[in-house]
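# Chains, contacts and geometry: an overview
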There are 4 protein chains.
Amino acid sequence: MAGETTAELLDMTSPQGESCHTGHHLCMPEDSRKRAARRLAIARGHLESIRRSLEDPDVYCVDVLRQIKAVQGALDGAANVILRGHLESHVATAATRGDEKEIVDELMEVFKYI
Amino acid sequence: MAGETTAELLDMTSPQGESCHTGHHLCMPEDSRKRAARRLAIARGHLESIRRSLEDPDVYCVDVLRQIKAVQGALDGAANVILRGHLESHVATAATRGDEKEIVDELMEVFKYI
Amino acid sequence: MAGETTAELLDMTSPQGESCHTGHHLCMPEDSRKRAARRLAIARGHLESIRRSLEDPDVYCVDVLRQIKAVQGALDGAANVILRGHLESHVATAATRGDEKEIVDELMEVFKYI
Amino acid sequence: MAGETTAELLDMTSPQGESCHTGHHLCMPEDSRKRAARRLAIARGHLESIRRSLEDPDVYCVDVLRQIKAVQGALDGAANVILRGHLESHVATAATRGDEKEIVDELMEVFKYI
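Before going into details, it helps to say that this report is about the structure given with it. (Residues numbered from 1 in each chain as written. Chains lettered and ligands numbered in written order. Predicted model: local features only at pLDDT ≥ 70, side-chain atom pairs only at ≥ 80, totals over all residues. Heavy atoms only, no water.)

## Things to note about the overall build of chain A
When you go through chain A residue by residue, the secondary structure sums to five helices and zero strands. The secondary structure elements of chain A, listed N-terminal to C-terminal, are α-α-α-α-α. Counting every position in chain A, which comprises 114 residues, the buried fraction comes to 51%. A separation threshold of at least 6 residues defines the contact pool for chain A, and within that pool the share at least 24 residues apart is 46%. Counting every atom, chain A has about 5,100 Å² of accessible surface; 51% of that belongs to carbon and sulfur. (Helix = DSSP H or I, 4+ residues; strand = E, 2+ residues; numbered from the N terminus. Buried < 20%, exposed > 50% of the residue type's maximum accessible area, 1.4 Å probe, protein only. Contact = heavy atoms within 4.5 Å. Areas by Shrake-Rupley, 256 points an atom, 1.4 Å probe, with all protein chains shown as cover.)

## Some thoughts on the relation of the copies chain A and chain B
For these two chain copies, the linking operation is a rotation about an axis paired with a shift along it. Mapping chain A onto chain B calls for a rotation angle of 180 degrees and an axial translation of 0.0 Å; the resulting RMSD is 0.0 Å. What we have between these two chains is a two-fold relation. Within chain A, arginine 44 of chain A has its C-alpha nearest the rotation axis, a separation of 2.9 Å. Of all interface residues in chain A, 100% are interface residues in chain B too; the two copies therefore contact each other through one and the same surface. (Least-squares fit on C-alpha atoms with pLDDT ≥ 70 in both.)

## Considering the interface of chain A and chain B
Tallying the contact residues gives 51 residues for chain A and 51 residues for chain B. Counting the surface lost from both chain A and chain B, the interface buries some 4,700 Å², and carbon and sulfur atoms represent 71% of this. At the surface where chain A touches chain B, the tally comes to two salt bridges. Note that arginine 44 of chain B and glutamate 48 of chain A form a salt bridge whose closest N and O atoms lie 2.4 Å from each other. At the boundary of chain A with chain B, the tally comes to nine residue pairs in polar contact (both at pLDDT 80 or more). (Buried area = accessible area lost by both parts, 1.4 Å probe. Salt bridge = Lys/Arg side-chain N within 4 Å of Asp/Glu carboxyl O. Polar contact = N/O pair within 3.5 Å; in protein donor to acceptor, adjacent residues only side chain to side chain.)

In short, shape yes, function no, at least from these values alone.
Spelled out as structure tokens, the structure:
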């Protein structure tokens, strides 16, 4: 069905051998998941402090632009942690499952928006 | 002094004629400031929901990558609101103040990180 | 008319005081123009060598990706030279001509594609 | 050895079963190689016409910025053709060769510069 991800279409155990709990069977490696979550928590805190800085009528545009760039860098870092886990656990193993085309199409679709 | 912004180095009234309250005199146009703050509040909420989604061991890498890209798009939107305000209010008026070089150097420094 | 640039719509002498030869009156500073041209010439040579490398059936994907990224970096460098010249010569002087809104709209339109 | 690519370090036949002619054995799929070469040839021609346009003292900054962005989009397109071929032919088959870690490290290194 349109909109389903490779993880939903395939019914297989996780490459890590973890038992995944629902119909999603290409689970994110636990280490990537926890490291990405920590980075997102930090980015969210930074974003909240930028938002609050905008309550000050004297805040300077260029300072805010710099802060937003720093958060963008932190989000890139979180995305790279997840991308690396995905490449190692799901893309590099695709030929052993036979879904090379689907998994690469799906990933190229995400890169389009980078 | 190193680290000071053009706004701090120059002692002048805001191009909008607003009375700015402290030593910062190149104030952000109020409309840009409020619109950017709203966008950052939405991005922060989205980021928090992504972080929570990572507590689920069944979350799929590519879904998270897509969500992070959406937040980055929202931050680009907020940065564009601020950049437009800065260009109109501070850069386009630089020749009337005589700080063209400083204000352009400062802006190019920010673009380097885009 | 749609598609015309600010330079075409405005009939004014160049901010550098150069006499511009045709209807385009916001001329690029000569120094920016020459430096950008040199960088583009180098990027074109690099691009040609990458294209030739693709005639070798043994060329490796990742080596080509790295080379393309290097050319993208060189093009960013050329674009930054031009952007800086534009900001200093045309944007920073907009308030003295009265076309702040047009020139900023035009520039933001370009940034959308960055 | 530092600087060697995965293709050089591994001595294996191409995933396409092509006989590769030298020590490089992770060859680019021929179709990707030809399509990327065509796109680079077009980008080079476009770049040359931009460089020539800079000989005209009346060329307008924003027009040149737009043209450079168009070339960058074309280079992104060529890079995506190569990346897709690499993911399908080399990354998705890594677990069958046992070089998952090396091939993913190498790819993430390239992404850092995107």
